[in-house]
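# Architecture and fold: a report
Residue strings, one per chain:
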Amino acid sequence: VDNNKLSGSLPFRPGGNPNLIILNAASNNIEGSIIPAVYLENLRTLNLRENSMMGKFPEELCLNSLLKSILVSGNQLIGTIPKCIGEMVQMEILELSDNHFQGTIPSSIGTNL
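Overview of the structure. Bear in mind that the values here come from a model prediction, so they are computed numbers and not experimental data. (Residues numbered from 1 in each chain as written. Predicted model: local features only at pLDDT ≥ 70, side-chain atom pairs only at ≥ 80, totals over all residues. Heavy atoms only, no water.)

The subject of this paragraph is the state of the cysteines. Applying the stated criterion across every chain yields a total of one disulfide. A sulfur-sulfur distance of 2.0 Å marks the disulfide that ties Cys62 to Cys84. Residues Cys62 and Cys84 are joined through a disulfide that is right-handed, its torsion about the S-S bond being 65 degrees. Note that Cys62 is positioned in the loop between β5 (52–56) and β6 (69–71) and Cys84 in the loop between β7 (76–79) and β8 (93–95), a separation of 22 residues in sequence. Exposure remark for Cys62: the relative accessible area of 16% places this residue in the buried category. (Disulfide = S-S within 2.5 Å. Helix = DSSP H or I, 4+ residues; strand = E, 2+ residues; numbered from the N terminus. Buried < 20%, exposed > 50% of the residue type's maximum accessible area, 1.4 Å probe, protein only.)

This part covers the pattern of salt bridges. If you walk through the whole model with that rule in mind, you get one salt bridge. A salt bridge links Glu95 to Arg49; the nearest nitrogen and oxygen atoms lie 3.5 Å apart. With a gap of 46 residues between them, Glu95 in strand β8 and Arg49 in the loop between β4 (45–47) and β5 connect regions that are remote in the sequence. Its relative accessible area of 26% is what places Glu95 among the partly exposed residues. (Salt bridge = Lys/Arg side-chain N within 4 Å of Asp/Glu carboxyl O.)

The next subject is the sheet that holds strand β1 (residues 7–9). One open sheet holds the five strands; their spatial order is β1-β3-β5-β7-β9, and the pairing between them is parallel. Each end of this open sheet is capped by a strand with a single partner; those strands are β1 and β9 (100–101). Note that strand β3 (residues 29–32) and β5 share two bridges and pair parallel. Within β5, the position partnered with Gly32 by the bridge is Met53. (Pairing = 2+ DSSP bridges.)

Moving on to unusual backbone geometry. Not every positive phi belongs to a glycine, and Glu50 is a case in point at roughly 55 degrees. Position of Glu50 relative to the elements: it lies in the loop between β4 and β5. In this structure Glu50 comes out as partly exposed when scored by relative accessible area, which is 43%. The phi torsion at Asp98 lies on the positive side, around 55 degrees, for a residue other than glycine. Tracing the chain through its elements places Asp98 in the loop between β8 and β9.

Here it is, written out as C-alpha cells:
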C-alpha cells in the first residue's frame, strides 16, 4: 500500500495477522505511533518511511527475532534510539533518518548490524 494517499493510524491489534511478513505502507499520511506494528510477530520488514508517525521508537520491536528491515525515515519520531536495536541479530537494514531522535547512537548498532 505504499505511495498512496492513505491516512489515519495503523489498525493492528494484539494477535493481528500472523501471516503478514512484509508491511510496506511508505509514502502515505499515516499518523499515530508504531506500537500497533509490534503485534505482528512474524513481521520481517517494516516500512513506514515518509509518513506522519509520531512518538518514541517502540523497544518492543526488538522482541521480534525475525525482523530484518526497519525503515522509518521521514517521520516525526522522538526520543532516543533504543540500545536493543543493535542486538537484533537478523537486522540487515535500519533506516532512521529525518526524524527527531536525540542522544547518542547505541554502540551495539555498529557492532552487530
